[in-house]
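# Structural characterization, general
Here is what each chain is made of, one letter per residue.
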Amino acid sequence: MTIKNLVKLLLAGSMLLGMASCKKDDGVATVLSDALTKCLEKQDNATGAGGAKLATFPREKTLYLVGFQASEPYSFNPMNGYPDWPTRPEFNLMYEQLLTYNSLTGQIEPLLGRLCEKNNDFISVILNPKARWSDGKPLTAADVKYTYELNMKDVEAPCSFVSGYIERIAVDTVKTVTAVAGKPADTTKEERISFFVDKKNRNNPYKVLDDICTVPIYPKHVMGPLIAAAGSVGNFAASDIMGRPQVVSGPYNLYAYSNEKIVVKRRDDYWGNEALHGGQMPVPEFIVHPIYKGNDHSSAAIKAGDLDISSNYIPRVWLKKTVRTWYDSFPYFKPGSIPMFILNTTKAPLNDKHYRRAMAFSVDYEKIRTLAVSGYTTQLKSGLILPFSAESTYYVAADVEKYGASRYDVAAAQAELKMGGYRSIFKDSVRDKDGKMTYKDLICVLNAKGDTMPTVFVKSPAEWSDFESVVRIAVKSMRDAGVDVREGFVDEARYWAVQYSGQFDIFFDTPLSMLSPSMPWARLEKVISSANWAPV
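We now turn to the structure provided with this report. Bear in mind that the values here come from a model prediction, so they are computed numbers and not experimental data. (Residues numbered from 1 in each chain as written. Predicted model: local features only at pLDDT ≥ 70, side-chain atom pairs only at ≥ 80, totals over all residues. Heavy atoms only, no water.)

### Quick look at the packing of aromatic side chains
Cut-off, in case you're wondering: Only Phe, Tyr and Trp rings are paired, with Trp represented by its six-membered ring, and only when their centres lie within 6.5 Å; those with planes under 30 degrees apart are stacked, over 60 edge-to-face, the remainder tilted. Only runs of H or I of at least four residues qualify as helices and only runs of E of at least two qualify as strands under DSSP, and these elements are numbered from the N terminus. Burial classification: accessible surface area is computed with a 1.4 Å probe over protein chains only, and a residue below 20% of its type maximum counts as buried, one above 50% as exposed, and the rest as partly exposed. In this scheme, Lys NZ or Arg CZ marks a charge over a ring once it lies within 6 Å of the ring centre and within 35 degrees of the ring normal.
Scanning the model with the defined rule gives 26 aromatic pairs in all. On the basis of an interplanar angle of 35 degrees and a centroid distance of 6.0 Å, the ring pair of Tyr82 and Trp496 is categorised as tilted. Note that Tyr82 is positioned in the loop between strand E1 (62–66) and strand E2 (99–102) and Trp496 in helix H14 (residues 492–501), a separation of 414 residues in sequence. Assessed through its relative accessible area of 40%, Tyr82 is described here as partly exposed. Cluster of aromatic residues (ring-pair linked, three or more members): Tyr82, Phe341, Trp464, Phe467, Tyr495, Trp496, Phe504, Phe507 and Phe508. The ring of Phe196 carries the charged tip of Arg168 above its face, separated from the ring centre by 3.9 Å. One cation-aromatic arrangement involves Lys207 over Tyr165; the distance from NZ or CZ to the ring centre is 4.3 Å.

Set out below in structure tokens:
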């Protein structure tokens with residue numbers, strides 16, 4: 001699950017409607033367990049504005065959530081390629097986007113601005129004239145233009161993915177007339193920002209719309225001098241972790257952090273309280289993100305009432321009596337992404353389509369669905385289009401049946417190996433009463449020349465319990481079918497690094513896990529488009 005619109009959830013009127021219960025059956029609010037209380041009381045060389053204030057937070061004013069930070073904090077600089085929560089582009093607690101996408105309704109909603117016009121040539125947004133930075137300065141079109149042009153021109157910028165999609169940005173002023181009965185008409189001058197689609201390059205209007213909902217806006221008067229003094233975006237990101245309250249537009253600011261938690265504090269002067277939410281402030285004064293070693297720890301914490309919201313995987317959630325989910329029945333939430341094995345096709349035997357299809361046929365998908373992810377999804381199907389929700393319009397079952405390989409079919413897997421000239425060597429074999437031979441303990445796979453094929457390893461994060469379960473089940477069923485694959489669990493820091501270096505055989509990931517207005521096309525573009533990958 002993602003909390004793209006967390007601010008609206010926080011404005012719901014109480015801490016945690018519909019996500020997790022922090023009350024006992026008798027209706028008396030629980031307090032933090034002794035273990036978490038002690039954890040929060042440790043100073044751990046805490047830095048930032050909070051410093052010694054890390055120890056305690058009033059429970060009735062504090063929201064505890066997990067799922068967005070799994071490792072020790074190292075940088076809150078939004079210019080970093082992958083900064084700590086909540087300064088990454090997918091969050092809007094500190095730095096806000098122009099628009100936001102509501103994945104429940106499928107609608108684009110206002111944030112710093114409102115959508116004015118969209119077509120195949122340009123998308124225009126009218127900036128909210130009430131938008132302000134936390135230092136009191138107006139947030140203007142100059143900030144928006146600076147942010148996007150920085151990302152368009154500098155490969156080191158955090159959202160340089162906009163390059164090739166936006167040709168140019170134009171700013172003009174429009175007049176908005178508001179008529180109220182019995183009062184003089186009110187004329188407001190507002191800035192309009194138009195994003196022109198780069199027709200000569202990627203020519204993808206949908207992607208431009210996605211980016212407008214994704215790219216956070218930065219204060220030009222702050223970031224400009226800091227980057228200039230450092231000499232480049234990269235130097236600035238490396239030299240300043242910005243572990244302090246920053247000049248932000250969002251409703252929260254960094255308060256304190258340690259190796260065990262990150263804390264943000266509400267800005268009572270947030271411009272959006274009045275302009276967007278009818279004068280109402282978010283309920284939590286503090287949001288605390290504890291950092292747990294793995295899903296099992298956070299699952300125990302939410303069961304104990306120590307957490308209010310968890311975006312981490314929780315097995316068999318229907319058995320957790322103190323935990324509530326978004327929906328009351330299966331699948332308990334709406335899946336919006338597709339975890340998948342990404343294969344390095346520059347390496348043998350993964351450069352052979354028969355070997356790859358043999359792998360696909362030999363995965364026990366039903367075991368993964370029912371055991372690894374507790375049935376939180378419908379039956380798994382081939383392809384990059386989800387067979388439910390809005391995407392189902394583009395899903396063609398006949399094509400999936402004809403061309404797809406994502407079904408558990410050992411005979412088909414072994415037929416693919418045979419077509420590719422491969423032979424699986426097992427340590428043992430058993431013939432059942434019907435004469436069918438079952439092979440056990442795969443030793444290796446030989447190619448047509450008799451050469452031993454290298455074992456391929458699946459890179460996946462250690463301590464991500466759902467990912468670990470998926471990989472283990474897939475590896476076992478593949479090996480049983482005669483495909484030589486092994487687990488390759490690594491810590492999270494190494495996990496992300498190998499994806500971009502290419503130092504992997506198989507990488508288990510969820511490409512484009514964020515929902516956006518352009519699904520499923522954005523997922524197709526992310527995975528299939530050769531423009532996203534360095535040439536071999």
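### As for unusual backbone geometry
With an omega dihedral of 0 degrees, the bond running from Phe330 to Pro331 counts as a cis peptide bond. Structurally, Pro331 is set in the loop between strand E11 (309–310) and strand E12 (340–343). With omega at 5 degrees, the peptide bond leading from Ala348 into Pro349 counts as cis. Structurally, Pro349 can be placed in the loop between E12 and helix H9 (353–361). Of note in this structure, Asn203 is not a glycine but carries a positive phi near 50 degrees. Tracing the backbone through its elements, the reader meets Asn203 in the loop between strand E7 (186–197) and helix H4 (205–212). For Asn203, a relative accessible area of 37% puts it in the partly exposed group.

### Looking at the side chain of Asn253
What counts, and what does not: Contacts are assigned to residue pairs with any non-hydrogen atoms lying within 4.5 Å of each other.
Along the chain, Asn253 turns up in strand E8 (residues 252–257). Beyond its immediate sequence surroundings of up to four residues, Asn253 is in contact with Met94, Ser134, Pro245, Gln246, Val248, Val263, Val264, Lys265 and Arg267.

### Topic: the pattern of salt bridges
Short version of the rule: Salt bridge criterion: a side-chain nitrogen from Lys or Arg within 4 Å of a carboxyl oxygen from Asp or Glu.
This model, assessed by the stated rule, comprises 19 salt bridges. Its salt-bridge partner being Glu190, residue Arg114 comes within 2.9 Å of it at the nearest N-O pair. Linking Arg114 in strand E4 (residues 113–118) with Glu190 in strand E7, this pair joins segments that are 76 residues apart in sequence. Residue classification places Glu190 among the buried residues on the basis of a relative accessible area of 7%. Residue Arg407 is joined to Asp409 by a salt bridge in which the shortest nitrogen-to-oxygen separation is 3.8 Å.

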